[in-house]
2 protein chains.
Amino acid sequence: MRYCVIMCGGVGSRFWPSSREERPKQFLDFFGSGRSLLQMTFDRVLELVPAERILLLTNKRYAPLIREQLPEIPAENILLEPARRNTAPCICWAAHHIAALDPEGSMVVLPSDHLVLKEKAFHESLRRGFEFVENADRLLTLGIRPSSPHTGYGYIQQDAPVESAEGFYKVKSFTEKPNAELAKVFLASGEFYWNAGIFLWKAKSVLEAFNRYDPETAAVFNRGNSDYGTPRESAFIDANYSSAPSNSIDYAIMEKADNVYVETVDIGWSDLGSWKALYDISPRDEHGNVTQNCRLIQQDCENTVFAISDREKIVVAKGLKDYIIADTGRALLIYPVADEQKIRQIVNDVKDRFGEEYV
Amino acid sequence: MRYCVIMCGGVGSRFWPSSREERPKQFLDFFGSGRSLLQMTFDRVLELVPAERILLLTNKRYAPLIREQLPEIPAENILLEPARRNTAPCICWAAHHIAALDPEGSMVVLPSDHLVLKEKAFHESLRRGFEFVENADRLLTLGIRPSSPHTGYGYIQQDAPVESAEGFYKVKSFTEKPNAELAKVFLASGEFYWNAGIFLWKAKSVLEAFNRYDPETAAVFNRGNSDYGTPRESAFIDANYSSAPSNSIDYAIMEKADNVYVETVDIGWSDLGSWKALYDISPRDEHGNVTQNCRLIQQDCENTVFAISDREKIVVAKGLKDYIIADTGRALLIYPVADEQKIRQIVNDVKDRFGEEYV
């Protein structure tokens, strides 16, 4: 059977102050549509996988938020990580959990805070992806054709095409966050795709890969083989999870395995990894400003994002070009879009100077 | 006996959103000192006039704010204007009220929303001013030596000095809000002073001047001669006040009377009539920024005012030069200081588009 694993433990500090540790990006109604990014992710996959086979992997502190936002999800489908260990341990646990429920089960791993604009293409891509991994022992990642030489993404280089599966390729290499020079070469070559962090495989295929390429993590989780799918599972996880090394699935498995494939897709994807990314995909007024339902009077503002939590608040602004204005009530950010990579450092400064409660 | 009349009916729209009709400028703790401008005005004059002889003239809607901020003031000293009629009717009423209590009484009229930095000089100036008007039938206004060719003030031109009263001059002319050219000539001449809106006279002197120079206003208030100082006074005012024409004391009396004098003073005065005026008198950091106790992390900001109502709020700003940032929770203003004269128009726009409750 097909399962879906939605990873929603991220803290999203790049969108501070709109995104805070207490309520990170995936839990925010980013577009004023009435649904958070997590809810949108859930809604989007529901056509392919029923709610009872959708698993949510998250940090313990976010369990109440998830129950509030997704009451349709059975309580036992919320897998609570007792510690932050990046994606590899998280996926290894989820695969064990699924394999215990269905040894032949397949799974798609989805980030909870990305945007997909072409829903139909997304469904079609996932359907083809499931078939592709269910027919053989393969690890599949979705690749997005790059639209710019972005230096913040991982890049996947295609190798030979897969016969009889159009748009699927063997993977030649992974390159995490290239420098600007290299990113331009990648873009020009036409052989490289952005790694969207969406993976498909059979649970047993990825567990096999862990055994071979990341035996340390595999060893931690293999010790629980008699507990998965039983009432003892969460006690086992609480006792053992934090002894797994912190590692990403890309480093642990994808860059090493020899049965890795990429499905190249056009699904209107954005990782919403930055204000700039949000800006790029948002509807704008004739001056290029993005406003999320806020009550704005602007004069001579251009290419500026106004992210105001309180929809009743009046904002009057003049003469801002290429700025981010984010106001959450507790914090106000007025910052050039071009400098947004410095926001993470600022979040640390805020924490040091004014306390944890602001970040 | 000496009385003080503090006028506090203004709405202060130039400081929107910090100043709102519901709580105008004079009621705000503008400098984070713990005392509002009104309270500071009261504190400042208390050395000269005891609380029981300090009268507060205000619009009815502000009575609760005044009682809250100045519990020391007896209730009967709060004179409530049933309509807005500018300063002439307000002062005419106050003079009648005082004359009924003490026919020989003298009075100083003070705006409630100005700043005086040199308190000792202020006290000395007022003492000399009281003596000056108590010895003869004179109308006295305080004149501030101009520091710039400001076009927003009234200018007083001095005539011959008064013998045996250093710094006192007969007044030759009043000029309200000159154009920039004229203001420069005024400044260069050395004969002109800013009209601070602080007046001293005997109650009977100003009532006599109303009779002679503004008979229409005088007629309205003379009808209540048997009511002032009695329980009937407020009923008389409620029934008659709004039939007085709206007029300023400058136009009604000062520009016409022939017994008008100016006392030239150096009291560290600012009318705080604009963000720029606030900026000019506020302490600044090494980059010229003014912050009122707010939790600010700024980078490359210069000559910018941060007026944040919530002292717990974090503000992160970069690259703002010569801006006003005013955040009241309900409204956020991000506006160039140079354009601040447009704020009044914006307040009207806000009212039209989003409702009265924001202004």
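See the structure shown above.
Residues numbered from 1 in each chain as written. Chains lettered and ligands numbered in written order. Predicted model: local features only at pLDDT ≥ 70, side-chain atom pairs only at ≥ 80, totals over all residues. Heavy atoms only, no water.

Colleague: So what's going on with the overall build of chain A? Residues and values would help.
Modeller: Summing up its helical and strand segments, chain A has 11 helices and 17 strands in all. Computed over the C-alpha atoms, the radius of gyration of chain A is 21 Å, within 12% of the 21 Å expected from 2.2 N^0.38 for a compact globule of 359 residues. Principal-axis analysis of the C-alpha atoms gives chain A an extent of 60 × 45 × 35 Å. Residues classed as buried in chain A amount to 57% of the 359 residues present. Sequence separation of at least 24 residues holds for 64% of the intrachain contacts in chain A that already meet a minimum separation of 6. (Helix = DSSP H or I, 4+ residues; strand = E, 2+ residues; numbered from the N terminus. Rg over C-alpha atoms; globule rule 2.2 N^0.38 Å. Buried < 20%, exposed > 50% of the residue type's maximum accessible area, 1.4 Å probe, protein only. Contact = heavy atoms within 4.5 Å.)

Colleague: Account for the relation of the copies chain B and chain A, naming residues and giving values.
Modeller: Its rotation angle being 180°, the transformation that places chain B on chain A also includes 0.1 Å of axial translation and leaves an RMSD of 0.1 Å. Such a combination of rotation and displacement between the chain copies is what one expects of a two-fold axis. Proximity to the rotation axis, assessed at the C-alpha, singles out B:Gly329 in chain B; its C-alpha lies 3.2 Å from the axis. A high fraction, 100%, of the interface residues of chain B reappear at the interface in chain A, so the copies pair face to face through one surface. (Least-squares fit on C-alpha atoms with pLDDT ≥ 70 in both.)

Colleague: Explain the packing of helix 3 (residues 87–101) of chain A against helix 6 (residues 203–213) of chain A to me, and be specific about the residues and the numbers.
Modeller: All names here are of chain A. At a closest axis distance of 9 Å, the pairing of helix 3 and helix 6 adopts a crossing angle of 135°. Judged by the angle between their axes, helix 3 and helix 6 are oblique. The two elements helix 3 and helix 6 meet at a crossing, and its hand is left-handed. Contact with helix 3, carried on its side by Ala 88, Ile 91, Cys 92, Ala 95, His 96, Ile 98 and Ala 99, involves Ala 203, Val 206, Leu 207 and Phe 210 of helix 6 and no other residues of that element. Residues belonging to the contact of helix 3 with helix 6 are distributed by class as follows: 10 nonpolar, one polar and no charged. (Axes fitted to C-alpha atoms, helices over the stretch in contact; angles between N-to-C directions. Parallel < 35°, antiparallel > 145°, perpendicular 65-115°, else oblique. Left-handed = near helix turned anticlockwise from the far one by under 90°. Nonpolar A, V, L, I, M, F, W, Y, C, P; charged D, E, K, R; others polar.)

Colleague: How would you summarise helix 1 (residues 37–45) of chain B if you had to cite specific residues and measurements?
Modeller: Most of helix 1 of chain B sits out of view: seven of its nine residues are buried. Buried residues along helix 1 of chain B sit against strand 1 (2–7), strand 2 (54–59), helix 2 (63–69), strand 4 (106–111), strand 5 (115–116) and helix 4 (119–134) of chain B.

Colleague: So what about the interface of chain B and chain A? Which residues, and what values?
Modeller: Every contact between the two is made by 34 residues of chain B and, on the other side, 34 residues of chain A. For the pair chain B and chain A, the summed buried area comes to about 2800 Å², and 59% of that belongs to carbon and sulfur atoms. For the chain B face of the interface with chain A, the top three residues by lost area are B:Ile314, B:Val316 and B:Lys318, together amounting to 23%. Here chain B and chain A share four salt bridges between them. The partner of A:Asp339 in a salt bridge is B:Lys318, and the shortest N-O contact between them spans 3.0 Å. The tally of links between chain B and chain A comes to 28 residue pairs in polar contact (both at pLDDT 80 or more). Residue assignment for the side of chain B that touches chain A shows that the elements contributing at least two residues are strand 13 (295–299), strand 15 (314–318), strand 16 (323–327), strand 17 (331–336) and helix 11 (343–354) of chain B. For the side of chain B that touches chain A, the leading source of residues is strand 17 of chain B, giving six residues. (Buried area = accessible area lost by both parts, 1.4 Å probe. Salt bridge = Lys/Arg side-chain N within 4 Å of Asp/Glu carboxyl O. Polar contact = N/O pair within 3.5 Å; in protein donor to acceptor, adjacent residues only side chain to side chain.)

Colleague: Pulling in residues and values, what's your account of the side chain of B:Gln157?
Modeller: Residues and elements named next belong to chain B. Checked against the element boundaries, Gln 157 lands in strand 7 (residues 154–161). Its relative accessible area of 13% is what places Gln 157 among the buried residues. At a separation of 2.9 Å, a polar atom in the side chain of Gln 157 contacts the side chain of Glu 191. With near-sequence residues (within four places) excluded, Gln 157 lies in contact with Lys 170, Val 171, Lys 172, Ser 173, Glu 191 and Phe 192.

Colleague: Describe in detail the packing of helix 6 of chain A against helix 7 (residues 215–222) of chain A, supporting the description with residues and values.
Modeller: All names here are of chain A. Relative orientation of the contacting elements helix 6 and helix 7 amounts to 125°, with a least axis distance of 6 Å. On the basis of their axis angle, the class for helix 6 and helix 7 is oblique. The chirality of how helix 6 crosses helix 7 is left-handed. Judged by residue contacts, Phe 210, Asn 211, Arg 212 and Tyr 213 of helix 6 engage Pro 215, Thr 217, Ala 218 and Asn 222 from helix 7. Grouping the constituent residues of the contact of helix 6 with helix 7 by class yields four nonpolar, three polar and one charged.

Colleague: I'd like to hear about the environment of B:Gly197, residue by residue, with values.
Modeller: Residues and elements named next belong to chain B. Within the secondary structure, Gly 197 is located in strand 9 (residues 192–202). Between the C-alpha atom of Gly 197 and that of Phe 30, which follows or precedes it by 167 residues, the distance is 20 Å. The contacts of Gly 197, once residues within four sequence positions are left out, are Val 109 and Pro 111.

Colleague: An account of empty space enclosed by the protein is requested, with residue identities and associated values reported.
Modeller: Within the structure shown, the criterion is met by two cavities of 30 Å³ or more. Here the largest cavity defines a volume of roughly 60 Å³. Together, A:Thr41, A:Arg44, A:Leu110, A:Pro111, A:His114, A:Leu115, A:Val116, A:Phe122, A:Ile198 and A:Trp269 line the largest cavity. If you list the elements that add at least two residues to the lining of the largest cavity, you get helix 1 (37–45), strand 4 (106–111) and strand 5 (115–116) of chain A. Tallied by class, the residues present in the lining of the largest cavity amount to seven nonpolar, two polar and one charged. The volume enclosed by the second largest cavity comes to roughly 50 Å³. Looking at the second largest cavity, the residues that line it are B:Thr41, B:Arg44, B:Leu110, B:Pro111, B:His114, B:Val116, B:Ile198 and B:Trp269. Taken together, the residues of the lining of the second largest cavity break down into five nonpolar, two polar and one charged. (1 Å grid on protein atoms, 1.4 Å probe; cavity = no way out; pocket = protein on both sides within 12 Å on 5 of 7 lines; lining within 4 Å. Points joined across faces, edges and corners; volume = space filled by probe spheres on them.)

Colleague: Residues and numbers for the side chain of A:Ser248, please.
Modeller: All names here are of chain A. Along the chain, Ser 248 turns up in the loop between helix 8 (233–240) and helix 9 (249–254). The exposure class assigned to Ser 248 is buried, which follows from its relative accessible area of 11%. A distance of 3.1 Å separates a polar atom in the side chain of Ser 248 from the backbone nitrogen of Tyr 251. Those residues in contact with Ser 248 that lie beyond four places of it in its chain are Asn 86, Thr 87 and Ala 88.

Colleague: A description of the sheet that holds strand 17 (residues 331–336) of chain A should follow, citing residues and the corresponding values.
Modeller: Strand order in this open sheet of six strands is 12(A)-14(A)-16(A)-17(A)-15(B)-13(B), and the pairing throughout is mixed. Pairing within the sheet leaves two strands with one partner each, and these edge strands are strand 12 (290–291) of chain A together with strand 13 of chain B. Together, strand 16 (323–327) and strand 17 of chain A together with strand 13 and strand 15 of chain B form the strand contacts of helix 11 (residues 343–354) of chain A, whose direction differs from that of strand 13 of chain B by roughly 145°. (Pairing = 2+ DSSP bridges.)

Colleague: A description of the pairing of strand 16 of chain B should follow, citing residues and the corresponding values.
Modeller: Residue and element names in this part refer to chain B. Of all five residues in strand 16, five are buried, a share of seventy percent or more. Bridge count for strand 14 (residues 305–308) against strand 16 is four bridges, and the pairing is parallel. Within strand 16, the residue paired with Phe 306 across the bridge is Ile 325. Relative to strand 17, strand 16 is paired through five bridges, and the arrangement is antiparallel. Residue pairing across strands places Tyr 323 opposite Pro 336, the latter belonging to strand 17. Taking the residues between adjacent antiparallel strands as the criterion, strand 16 and strand 17 are bridged by three residues, where Gly 329 takes a positive phi near 95°.

Colleague: How would you sum up the environment of A:Ile343? Please name residues and give values.
Modeller: Residues and elements named next belong to chain A. Topologically, Ile 343 is positioned in helix 11. Look at Ile 343 and you get buried, because its relative accessible area is 0%. With 328 residues separating them in the primary sequence, Ile 343 and Phe 15 have C-alpha atoms 7.9 Å apart. Leave out the neighbours within four places in its chain, and Ile 343 touches Ser 13, Arg 14, Trp 16, Trp 275, Ile 324, Leu 333 and Tyr 335.

Colleague: Explain the nonpolar core to me, using residue names and the numbers behind them.
Modeller: Residues and elements named next belong to chain B. Of all hydrophobic cores here, the largest spans 46 residues; its most connected members are Val 5, Met 107, Leu 139, Trp 201, Phe 210, Phe 221 and Ile 253. With nine residues, helix 3 (residues 87–101) is the largest single contributor of residues to this core. When near neighbours in sequence (up to four residues on either side) are disregarded, Val 5 contacts Leu 55, Leu 57, Ala 94, Ile 98, Met 107, Val 108, Val 109 and Leu 110. (Core = buried A, V, L, I, M, F, W, Y, C linked by side-chain atoms within 4.5 Å.)

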